[in-house]
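Chains, contacts and geometry: an overview
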Amino acid sequence: MPTREINGQSIEFDNEGFMTDRTAWNRDIAAVLAKEEGIETLTDRHFDVIDFMRKEVEEKGTAPSIRRLNKLNVVPTKELYQLFPGGPAKKAAKIAGLKKPEGCI
Amino acid sequence: MKKLLILGAGTAGTIMVNKLAPVLDQSEWQITIVDHHETHYYQPGFLFIPFGIYTKKDVIKPKRDFFPTGVEVIFSGIDIIEPEKNQVKLTDGKVLSYDYLVIATGSQIKPEETEGLVGDGWRKNIFDFYTIDGACALAHFLKYWEGGRMVLNVVEMPIKCPVAPLEFEYLAEWWLTEQGLRDKVEIEFVTPLPGAFTKPKASQLFGDFLDKKNIKLTPEFSTGRVDAANNKIISWDEQDIAYDLLVTVPTNMGDDAIARSGLGDELNFIPTDKETLQSKAHENIFVIGDATDLPSSKAGSVAHFQADILYENLLSAMEGRPLRAQFDGHANCYIESGFGKGILIDFNYDTEPLPGKFPLPGIGPFSLLEETKMNHYGKMMFRWMYWNLLLKGAELPIESQMMMAGKRV
């Protein structure tokens with residue numbers, strides 16, 4: 001399992017670049033991970049999504065889907081794609097220090 | 001008298017009622033099954049209708065033919081489930097109480113969830129093939145079609161039968177070739193998934209088949225809206241794809257009654273224990289088939305394997321024993337690949353589709369993750385098995401738990 005040094009902290013990742021221990025996460029680490037995903041600056045709107053996702057994982061064990069984020073008025077789907085271009089579900093999870101979202105079958 | 005209530009008489013509900021009716025003592029248990037439709041559809045057959053292989057009459061039978069004697073059958077919609085009162089209100093005004101409830105209300109397509117999908121183009125040059133009406137309308141359209149860009153798009157996951165879009169593409173390619181139209185049609189498969197399928201090895205194989213058949217694969221495209229006036233699908237991040245014929249697999253959702261009852265997630269699927277099939281919220285409610293939120297395929301074969309598990313666990317619950325049977329996510333899918341051939345995959349929660357022989361290890365007659373004529377015969381034979389064995393709850397020569405024997409790792 002790859003371990004990397006970020007901001008002086010040693011952080012473990014899985015083979016696809018998702019953090020294996022979400023409790024080791026903090027906002028500075030998020031900023032570094034975001035840059036690697038092509039997002040220069042994390043805004044409050046990014047953190048609305050990230051914080052909500054982390055809260056749901058804490059409480060329910062699974063990250064919310066894009067549809068759920070939209071339905072609960074956390075962020076409209078259109079804006080979510082602007083905030084995390086490419087694959088928002090995966091990208092936001094990665095930056096939030098969460099596991100890769102469980103794909104459907 | 002104790003009451004077992006089953007909501008939904010599709011594949012899962014019908015199998016359950018047929019398994020339970022013979023074993024529950026009629027002087028002790030009253031079994032009731034509710035569904036709003038009187039016709040049972042063989043849904044895997046819808047795929048063949050657009051290409052004239054099946055017609056409507058090949059895929060329908062009256063539901064009544066499949067209910068065992070001694071079971072109360074009610075044809076009505078479901079208004080609301082009230083778990084706190086252990087009762088269900090029907091749209092015809094009846095109120096049914098229960099000791100145990102089995103929810104098998106399935107999933108449906110919801111094209112109205114996507115902006116512009118149900119508009120001017122709907123059933124003119126936009127079709128689904130997940131409903132009997134959609135499949136028949138598409139058959140009619142194709143009869144007169146002279147070619148152009150055929151785009152098949154999956155709006156969002158999860159969908160019922162995730163291999164069906166691939167089968168549609170393979171069959172379309174074969175059918176267009178037979179009609180002498182293949183060189184007049186560009187075929188494109190547009191999916192939100194990173195590849196042709198969800199599981200890596202199978203995704204690679206299915207992707208290679210698309211390539212071989214000159215079908216363009218556009219992955220990671222999440223459809224945001226449809227511009228029917230200009231014949232374009234547009235993604236959430238503003239990419240667009242033009243079509244002349246759009247075959248769409250719209251958003252799939254659980255029954256509206258589940259939403260009204262506050263029992264579902266944002267897609268109206270019910271949070272369910274992935275091993276025991278017990279509802280996460282209520283001890284005396286069990287969920288089976290497409291109605292669950294399980295990370296397994298939404299497919300008849302899955303409902304069939306789940307039925308064995310649910311049968312064990314429901315009887316255990318009724319007798320106050322712990323729930324020991326565990327569903328492993330087993331799915332088994334025959335995939336039509338065109339020109340009289342097929343591919344077979346067999347997998348579960350933890351094991352992705354692997355090559356090998358099935359169901360008899362080393363012998364077959366079916367080949368896993370490989371294209372053969374025999375696999376196609378398996379698929380065509382399956383309709384008979386479905387009507388005559390599967391729905392009636394008969395034992396099939398396939399284990400409900402996935403077997404590693406016969407598979408090459």
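Residues numbered from 1 in each chain as written. Chains lettered and ligands numbered in written order. Predicted model: local features only at pLDDT ≥ 70, side-chain atom pairs only at ≥ 80, totals over all residues. Heavy atoms only, no water.

**A few points about the nonpolar core**
- By size, the foremost hydrophobic cluster in this structure holds 101 residues, and its most contacted members are L4, M150, F168 and F206 of chain B.
- Among the elements that take part in this core, helix 6 (residues 300–318) of chain B stands out by supplying 11 residues, more than any other.
- Residues within four places of F168 of chain B in sequence aside, it is in contact with L47, P50, F51, F129, L138, M150, L152 and V247 of chain B.
- I6, V75, A92 and L98 of chain A belong to the second largest nonpolar core, which has 29 residues in total. (Core = buried A, V, L, I, M, F, W, Y, C linked by side-chain atoms within 4.5 Å. Buried < 20%, exposed > 50% of the residue type's maximum accessible area, 1.4 Å probe, protein only. Helix = DSSP H or I, 4+ residues; strand = E, 2+ residues; numbered from the N terminus. Contact = heavy atoms within 4.5 Å.)

**Focus: the pattern of salt bridges**
- Scanning all chains against the criterion turns up 34 salt bridges over all chains.
- Linking E36 of chain A and R4 of chain A is a salt bridge whose minimum nitrogen-to-oxygen distance equals 2.5 Å. Placement of E36 of chain A in helix 1 (residues 27–36) and of R4 of chain A in strand 1 (residues 3–6) is noted, with a sequence separation of 32 residues between them.
- Of the charged contacts in the structure, one is a salt bridge between D58 of chain B and K57 of chain B, with a shortest N-O distance of 4.0 Å. (Salt bridge = Lys/Arg side-chain N within 4 Å of Asp/Glu carboxyl O.)

**Topic: the side chain of S367 of chain B**
- With respect to the helices and strands, S367 of chain B occurs in strand 24 (residues 364–368).
- A polar contact of 3.0 Å, which involves the side chain of S367 of chain B, links it to the side chain of K357 of chain B. (Polar contact = N/O pair within 3.5 Å; in protein donor to acceptor, adjacent residues only side chain to side chain.)

**Structural notes on the sheet that holds strand 11 (residues 126–127) of chain B**
Residues and elements named next belong to chain B.
- Taken in spatial order, the five strands make up an open sheet running 11-18-12-13-14, and their pairing is parallel. At either end of the open sheet lies a strand with only one pairing partner, and these are strand 11 and strand 14 (215–218).
- Of the strands in this sheet, strand 12 (148–154), strand 13 (185–190), strand 14 and strand 18 (245–249) touch helix 3 (residues 164–178), which is tilted by about 175 degrees from strand 13. (Pairing = 2+ DSSP bridges. Axes fitted to C-alpha atoms, helices over the stretch in contact; angles between N-to-C directions.)

**A look at the interface of chain A and chain B**
- The interface of chain A with chain B comprises 12 residues on the first partner and 21 residues on the second.
- Here chain A is connected to chain B by five salt bridges.
- Between chain A and chain B we count six residue pairs in polar contact (both at pLDDT 80 or more) in total.
- Elements represented by at least two residues in the side of chain A that touches chain B include exactly helix 3 (66–71) and helix 4 (77–83) of chain A.
- Residue classes in the side of chain A that touches chain B are distributed as three nonpolar, three polar and six charged. (Nonpolar A, V, L, I, M, F, W, Y, C, P; charged D, E, K, R; others polar.)

**Let's talk about the packing of aromatic side chains**
- Enumeration according to the criterion identifies 20 aromatic pairs over all chains in this entry.
- With a centroid separation of 6.0 Å and 40 degrees between ring planes, the pair formed by F141 of chain B and W145 of chain B is classed as tilted.
- Taken together, the ring pairs connect Y42, F66, F382, Y386 and W387 of chain B into an aromatic cluster.
- The residue whose ring lies beneath R4 of chain A is F13 of chain A, and the NZ or CZ to ring-centre distance is 4.7 Å.
- Here K61 of chain B stacks its cationic end above the ring of W387 of chain B, 5.3 Å away from the centre of that ring. (Phe/Tyr/Trp six-rings, centres within 6.5 Å; stacked < 30°, edge-to-face > 60°. Lys NZ or Arg CZ within 6 Å of the ring centre and 35° of its normal.)

**Considering the domain arrangement of chain B**
Residues and elements named next belong to chain B.
- Domains assigned within chain B are domain 1 (2–106 + 255–318), domain 2 (111–251) and domain 3 (332–390).
- Taking only C-alpha atoms into account, the centre of domain 2 sits 24 Å from that of domain 3.
- At the interface, 17 residues of domain 2 touch 18 residues of domain 3.
- Both sides together, the interface formed by domain 2 and domain 3 hides about 1,400 Å², and carbon and sulfur atoms give 72% of it.
- Of all residues in domain 2, E167, K199 and K201 give up the largest surface area on contact with domain 3, accounting jointly for 32% of the area buried on that side.
- Between domain 2 and domain 3 we count two salt bridges in total.
- As a salt-bridge pair, K201 and E352 come within 4.0 Å of each other at their nearest N and O atoms.
- Run the count over domain 2 and domain 3 and you get four residue pairs in polar contact (both at pLDDT 80 or more).
- Broken down by secondary-structure element, the contributors of at least two residues to the side of domain 2 that touches domain 3 are helix 3 and helix 4 (200–212).
- Here the side of domain 2 that touches domain 3 gets seven residues from one element, more than from any other, and that element is helix 4.
- A per-class count over the side of domain 2 that touches domain 3 returns 10 nonpolar, one polar and six charged. (Domains from an automatic or database assignment. Buried area = accessible area lost by both parts, 1.4 Å probe.)

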